[in-house]
Each structure stands twice: as structure tokens, then as C-alpha cells.
Amino acid sequence: MPERKIPITGHTEMFGLIATPIRHSMSPTLHNAAFEKLGMDKVYLVFEVGKEGLEKTVEGLRAMGVRGYNVSMPNKAAVMQYLDKISTASELCGSVNTVINDDGVLTGTITDGVGWMQSVASEGCDVIGKKITLLGAGGAATAILVQAALDGVAEISLFNRDDEFWQRAVEKTELVRSKTNCRVNLYHLEDREQLRKEISESYLLVNATSAGMKPQEDICLVDEDMLRPELIVSDVVYNPMVTKLLATAEKAGCKTIGGLSMMMYQGAESFRLWTGEEMPVDYCREKLGL
Ligand code: NAD
């Protein structure tokens with residue numbers, strides 16, 4: 001933990017994260033590094049709160065005038081009922097990761113999708129008006145699906161395996177189709193020829209499943225011969241930083257984008273919504289040792 005140079009005083013403003021289990025989170029290091037760098041008299045703390053204590057916590061933070069906080073599992077959907085306003089992205093995702101308190105009026109939004117869009121843009125890649133292939137239908141994938149569609153990606157081919165997330169994939173693709181101008185296709189991940197075809201027509205491929213993350217680090221959902229050097233390959237997994245997919249894509253000559261960048265930019269977006277300032281992303285990355 002970096003040493004705090006700005007003393008805590010009666011003016012120090014508090015931000016935080018409510019979730020459980022959450023002590024391992026990198027968010028406090030990220031936000032506190034940004035506050036420190038920008039000379040802001042603010043502090044970001046973690047509170048282990050599950051669904052049971054959630055309502056009282058939200059009301060307590062509102063009463064205390066806390067300007068903003070993050071929400072993570074298991075509270076991302078449950079918190080919505082206690083808020084006053086919900087962003088379009090959060091409504092479509094059914095999930096909130098950021099709460100902004102404007103003089104007692106609580107707005108919930110989700111920054112994961114914005115974070116992913118910014119991570120791609122920061123690498124000089126422009127997905128707007130293009131077709132992408134998206135693997136997954138869980139929390140991360142839904143956030144990307146929704147934000148990409150809202151921002152103007154022309155077509156998204158979503159693949160998921162036949163598991164407990166399949167029904168969610170059906171519902172979310174229908175919802176996004178009905179609420180945006182994006183063309184959304186849904187396929188079974190088991191259909192390898194369809195996967196090959198959709199990737200061959202895509203500007204970018206993104207893995208937003210937990211395949212590739214420890215302990216599934218030996219799994220890569222695509223074959224090397226499905227990739228071509230012009231394809232951009234993004235993975236939301238950041239543990240390990242270079243997943244089997246990214247290593248395979250590098251071998252195939254593709255430009256690759258790792259999950260850490262999305263993690264940084266989703267935090268940066270929360271930071272911007274609370275403070276109106278841009279997070280010094282490069283400095284924070286260094287502070288996190290990344
Ligand atoms: P989730 O549990 O909501 O969804 C899991 C998804 O992975 C589902 O679509 C499921 O079908 C799929 N899946 C799991 N194992 C699979 C396998 N072996 N083969 C095919 N599909 C498989 O999880 P989530 O919250 O969406 O997180 C997914 C990954 O994204 C995790 O590794 C998480 O760490 C990462 N993540 C990264 C960021 C970031 O900022 N970079 C943000 C959120 C999540």
C-alpha cells in the first residue's frame with residue numbers, strides 16, 4: 001500500500017466498494033493512487049457487505065453524503081432496487097457497478113462496457129460501425145454486448161456454450177436487438193464452423209468467458225487457424241495477463257489486448273463520474289505494478 005501523503009482531515013471525502021468477498025480487490029490501490037497523484041483529499045475504502053446488509057449500507061452512505069462507490073458481487077443486481085435512477089446500460093445489463101450520489105439522488109450505472117470500449121480505443125482500434133465476435137454471456141460479456149451496441153458497433157456475433165448462461169444469452173441478445181440498432185446474432189459455441197465463419201468476417205474477437213482464467217488457464221476457445229493477422233484479439237481475463245488465447249493470437253500475428261486495460265478503464269470511468277477528472281491511468285498502472 002503506498003504511503004498516503006495527504007493527511008486525513010475533517011475535509012477528507014470517502015469513496016468505496018461494497019461487496020463480499022472483496023479484501024483482495026485492486027480497486028483501493030487504483031483509486032487511492034489516482035487521488036494521491038491528483039492531490040485530491042479523498043480516500044477509497046472496501047466494505048465487506050453482502051445482500052443482507054445492502055439496503056442499510058446504501059441508505060447509510062446516502063445519509064452520510066458519500067459521493068460515490070463501486071458495487072461488486074453479490075450486490076450488482078440487488079442494489080438496483082435501492083437506487084433512484086439507473087443508466088440505460090445498467091438497465092440492459094441488469095447490473096450496477098458504480099453509484100453516484102448527487103445531493104441524495106442515487107444513480108446506478110455500469111462502467112465495465114465503457115472500460116472495454118476504452119481499452120480497445122486506447123490501442124488505436126476503432127470498432128464503431130464494424131462487426132465483432134464476442135464469446136460469453138455472463139457479467140463481463142453482457143456489459144460489452146450492451147455498451148458496444150449502444151456505442152454503434154454494427155454487428156455482434158455472440159457465442160456461448162450450452163450451459164446455465166445460455167438462456168441469459170437468449171434474453172440479452174433479444175433485449176439488445178430491440179433497444180439498439182446493432183445487429184446481434186447468437187450461436188452455440190459448440191458450432192465450430194459457424195465460429196470460424198463469424199471470426200473470418202469480424203474486425204475483432206473478444207473472449208469474455210472465464211475460459212483462460214486460472215484454474216482454466218489451459219483453455220483457449222478458438223483454434224489458431226481461425227485467426228488471421230488483421231484480426232484484433234481481446235481477452236477480458238487478466239489472470240494470467242497473457243492468456244492461452246492471447247498467446248495463440250500473437251503466434252497468428254494478431255494485435256492483442258489484455259484484460260488489465262479494461263479493468264483500469266472501468267475504474268477510470270467510475271473515477272470520472274465521481275470527480276469530473278480523468279484518472280492518470282499510466283501512473284496508476286505503475287503503482288499497481290502492472
Ligand atoms: P460469469 O460467471 O458471469 O460468466 C462466465 C462466462 O464464461 C459464461 O458465459 C460461461 O458460459 C463462460 N464459460 C466459463 N467457463 C467456460 C469454458 N470452459 N468454456 C466456455 N465458456 C465458459 O463471469 P464474468 O463475471 O462474466 O467474468 C468472466 C471473466 O471476465 C472472468 O475471468 C473475470 O475475471 C473477467 N472479468 C474481467 C474484467 C476486466 O475488467 N478485465 C471485468 C469483469 C470480469
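Quick look at the structure, then. (Residues numbered from 1 in each chain as written. Predicted model: local features only at pLDDT ≥ 70, side-chain atom pairs only at ≥ 80, totals over all residues. Heavy atoms only, no water.)

### Focus: the sheet that holds strand S8 (residues 155-160)
Next, step 1: The strand order across the open sheet built from six strands is S9-S8-S7-S10-S11-S12, with neighbouring strands paired in parallel fashion. Each edge of the open sheet is held by one strand with a lone partner, namely strand S9 (183-188) and strand S12 (255-257). Going from strand to strand, the sheet's axes swing by 20° on average, the running direction of each strand aside.
Next, step 2: Sheet analysis places strand S7 (residues 131-135) next to strand S10 (residues 204-207), joined by four bridges and oriented parallel. Residue pairing in the sheet places Ile132 in a bridge with Leu204 of S10.
Next, step 3: Sitting on the sheet, helix H6 (residues 166-179) touches S8 and S9, and the angle it makes with S9 is about 165°.
Next, step 4: Along the sheet face, helix H7 (residues 192-200) touches S7, S8, S9 and S10 and points at about 140° away from the line of S7. (Pairing = 2+ DSSP bridges. Helix = DSSP H or I, 4+ residues; strand = E, 2+ residues; numbered from the N terminus. Axes fitted to C-alpha atoms, helices over the stretch in contact; angles between N-to-C directions. Contact = heavy atoms within 4.5 Å.)

### Looking at the site of the ligand
Next, step 1: As a structural note, the neighbourhood of the ligand is formed by 24 residues, with Ala140, Asn160, Asp163, Gln216 and Gly259 the closest of them.
Next, step 2: A distance of 2.6 Å is found between an oxygen atom of the ligand and a side-chain nitrogen or oxygen belonging to Asp163.
Next, step 3: Here a nitrogen atom of the ligand and a side-chain polar atom of Gln216 are 2.7 Å apart.
Next, step 4: Here the ligand has 860 Å² of accessible area as a free molecule, and 80% of this is covered by the chains.
Next, step 5: If you list the elements that add at least two residues to the shell around the ligand, you get helix H5 (139-151) and helix H9 (259-275).
Next, step 6: Counting residues per element, the shell around the ligand draws most heavily on H9, which supplies three residues.
Next, step 7: When grouped by side-chain class, the residues that make up the shell around the ligand number 14 nonpolar, eight polar and two charged. (Near = heavy atom within 4 Å. Polar contact = N/O pair within 3.5 Å; in protein donor to acceptor, adjacent residues only side chain to side chain. Areas by Shrake-Rupley, 256 points an atom, 1.4 Å probe, with all protein chains shown as cover. Nonpolar A, V, L, I, M, F, W, Y, C, P; charged D, E, K, R; others polar.)

### Thoughts on the pairing of S9
Next, step 1: Alignment of S8 against S9, held across six bridges, turns out to be parallel. Directly across from Asn160, in S9, lies its bridge partner His188.
Next, step 2: Handedness of the crossover joining S8 and S9 through H6 is recorded here as right-handed. (Right-handed = clockwise from strand over helix to strand, strands pointing away.)

### Comments concerning the pairing of S8
Next, step 1: Of all six residues that make up S8, six are buried, and the element is covered over most of its length.
Next, step 2: The pairing of S7 with S8 spans five bridges and is classified as parallel. Paired with Leu135 across the strands is Phe159, a residue of S8.
Next, step 3: Each parallel crossover has a hand, and the one from S7 via H5 to S8 is right-handed. (Buried < 20%, exposed > 50% of the residue type's maximum accessible area, 1.4 Å probe, protein only.)

### Overview of the environment of Asp102
Next, step 1: Looking at where Asp102 falls in the secondary structure, it is placed in strand S5 (residues 98-102).
Next, step 2: Expressed as a C-alpha distance, the spacing of Asp102 and Gly68, which sit 34 residues apart in the sequence, is 8.8 Å.
Next, step 3: Setting aside anything within four residues of it in sequence, one finds Asp102 in contact with Arg67 and Thr107.

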